[in-house]
Amino acid sequence: MTEANRWRWIPNALTFIRVLLIVPFALALYEEQYRVALAVFLIASLSDGFDGFLARHFNWKSRLGAIADPLADKALLITAYLMLTLTGVLPVWLFMLVLGRDLLIVGGALAYHFFIGRFDMAPSWLGKLNTLIQILVVLAIVIFLAGLPMPPWVVPRGIWLVAAMALASGLHYIYVWARRAWLTTH
């Protein structure tokens, strides 16, 4: 085993740490300790970037990492939207839309896999943009709630931006999978 390969567990360990950070992040949001939540969110984000860099730069990619990393990211985001909804910052309908889109994607992938054929899950550019918008809106809202410089319009505009992106990307995935299913079966 080479010296570099001895450390290939680090990206997966960072992903696991990010999963563990979900609990203090959720508690800080729920208890309206927004500066603590912001610090935890930033640590989680930095660990995400660092584990991705290590995996790509040193070729320390693994099947576990390919599955766990996006799930950890999604769990952190869903937790943020859930806690901000439970504390009354975000409307329930927005959380249901964000969660519903993710469940639609997972359900669609599973249905495709079991009824049509193997399907490699790869996010579309619109799906990646949706995730980026969700992250930036959560970040802006938490910065605003923490009393740091951020205009108050980030909350209402962020709500509508996230809703529009969730709808657009959800409909895009439906279209792409329906088209692929149609072409595969006909």
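Data block above holds the structure.
Residues numbered from 1 in each chain as written. Predicted model: local features only at pLDDT ≥ 70, side-chain atom pairs only at ≥ 80, totals over all residues. Heavy atoms only, no water.

A word on unusual backbone geometry
Rule in force here: A run of H or I in DSSP counts as a helix once it spans at least four residues, and a run of E counts as a strand once it spans at least two, with each numbered from the N terminus. Exposed residues in this analysis have more than 50% of their type's maximum accessible area, buried residues have under 20%, and partly exposed residues fall in between, with area computed by a 1.4 Å probe over protein chains only.
For Glu32, which is not a glycine, the phi torsion comes out positive at approximately 60°. In this fold, Glu32 is placed in the loop between helix H2 (22-30) and helix H3 (34-57). You can call Glu32 partly exposed: its relative accessible area is 48%.

Digging into the pattern of salt bridges
Defined as follows: When a carboxyl oxygen of Asp or Glu is within 4 Å of a side-chain nitrogen of Lys or Arg, the pair counts as a salt bridge.
Using the criterion set out here, one finds six salt bridges in the structure. With a shortest N-O distance of 3.3 Å, Arg18 and Asp48 are connected by a salt bridge. On the criterion of sequence distance, the pair formed by Arg18 in helix H1 (residues 10-20) and Asp48 in helix H3 is long-range, its members being 30 residues apart. The class for Arg18 is buried, based on a relative accessible area of 1%. Classification of Asp48 by relative accessible area gives partly exposed; the value is 22%. Between Asp51 and Arg18 there is a salt bridge, with its nearest N and O atoms 2.8 Å apart. Placement of Asp51 in helix H3 and of Arg18 in helix H1 is noted, with a sequence separation of 33 residues between them. The exposure classification of Asp51 matches that of Arg18, with both residues buried. One salt-bridge network, held together by shared partners, links Arg18, Asp48, Asp51, Asp69 and Asp73.

Concerning the packing of helix H6 (residues 125-145) against helix H7 (residues 154-185)
Applied cut-off: A fitted line through C-alpha atoms represents every axis, and for helices the fit uses only the stretch in contact; the resulting angles, taken between N-to-C directions, go from 0 to 180 degrees. Each angle gets one of four labels, with under 35 degrees taken as roughly parallel, over 145 as roughly antiparallel, 65 to 115 as roughly perpendicular, and the rest as oblique. Crossings are sorted by hand: turned counterclockwise from the far helix by less than a right angle, the near helix makes the crossing left-handed, and turned clockwise it makes it right-handed. Contact between two residues is taken to exist if any of their heavy atoms lie within 4.5 Å; hydrogens are not considered. Any residue that is not Ala, Val, Leu, Ile, Met, Phe, Trp, Tyr, Cys, Pro, Asp, Glu, Lys or Arg is counted as polar, Gly included; the first ten are nonpolar and the last four charged.
Look at H6 against H7: their axes get within 9 Å of each other, and the N-to-C directions meet at 165°. It follows that H6 is roughly antiparallel to H7 by the angle criterion. The two elements H6 and H7 meet at a crossing, and its hand is left-handed. Taking contact as the criterion, the partners of Leu126, Gly127, Leu129, Asn130, Ile133, Gln134, Val137, Ala140, Ile141 and Phe144 in H6 are, on H7, Val154, Val155, Gly158, Leu161, Val162, Met165, Ala166, Ala168, Ser169, His172 and Tyr173. A per-class count over the contact of H6 with H7 returns 15 nonpolar, six polar and no charged.

Some thoughts on the nonpolar core
Rule in force here: Working definition of a nonpolar core: buried Ala, Val, Leu, Ile, Met, Phe, Trp, Tyr and Cys residues. They are joined through side-chain atoms within 4.5 Å.
Core analysis: the biggest nonpolar cluster contains 39 residues, and Phe25, Leu29, Tyr81, Leu90, Leu94 and Ile141 have the highest contact counts within it. Of all the elements in the fold, those that place two or more residues in this core are H2, H3, helix H4 (63-86), helix H5 (92-115), H6 and H7. In terms of residue count, the dominant contributor to this core is H6 (eight residues). Setting aside residues up to four positions removed in sequence, Leu94 forms contacts with Tyr81, Ile159, Val162 and Ala163.

No statement about biological role is implied by the geometric values presented.
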